[in-house]
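Reading the structure
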Amino acid sequence: MSTALAIVPDTAAPDAKIAPHNIELERALLGVILVHNEAFDRVSDVLQPEHFYEGVHRRIFEVITTLLRSGKIATPITLKMFLADLDLGGMTVPQYLSRLAAEATTVINAVEYARSIRDLALRRNLI
């Protein structure tokens, strides 16, 4: 199954409403977890894969969850073999995962990021 990275809104329908989301926030949280796996423990009560707006991020979070809950580590290196089928619009899976990790912020913000992502998902569901 191929999942395309669709982070650019469709400009063909200018009147269309864009569902509430924050791709940068999703990237930041995933990056923090990839660099500091202990951040997952802080957010796993708050956040589920379906809370992510971006399908690619949803899939990455699912793989992270599976790895960490089975006692393994989640890094760009360990994730890449589970995500080979992702379509990232010209970027390879290792490049994208490395980018997430390189842009990671401090683990202190992880819970707040997770809550914001969840809140945006709840708003999307209400719409």
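Residues numbered from 1 in each chain as written. Predicted model: local features only at pLDDT ≥ 70, side-chain atom pairs only at ≥ 80, totals over all residues. Heavy atoms only, no water.

1. Topic: the pattern of salt bridges
As enumerated under the stated definition, the model contains three salt bridges in all. The partner of Glu62 in a salt bridge is Arg59, with the nearest N and O atoms 3.6 Å apart. Here the residue Glu62 and the residue Arg59 both occupy positions in helix H3 (residues 55-69), the gap between them amounting to three residues, near one helical turn. For Arg118, the salt bridge identified is with Asp119, shortest N-O distance 3.4 Å. Residue Asp119 is classed as partly exposed on the basis of its relative accessible area, which comes to 36%. (Salt bridge = Lys/Arg side-chain N within 4 Å of Asp/Glu carboxyl O. Helix = DSSP H or I, 4+ residues; strand = E, 2+ residues; numbered from the N terminus. Buried < 20%, exposed > 50% of the residue type's maximum accessible area, 1.4 Å probe, protein only.)

2. Overview of the confidence of the model for the chain
In the predicted model, the chain carries a mean pLDDT of 88, and 87% of its residues have values of at least 70. The secondary-structure element of the chain with the lowest mean pLDDT is helix H5 (residues 93-102), recorded at 95, while H3 shows the highest, at 97. Throughout residues 6-15 the model reports pLDDT below 50, and contacts reaching past four residues in sequence, or to other chains, amount to five contacts. (pLDDT = per-residue confidence, 0-100. Contact = heavy atoms within 4.5 Å.)

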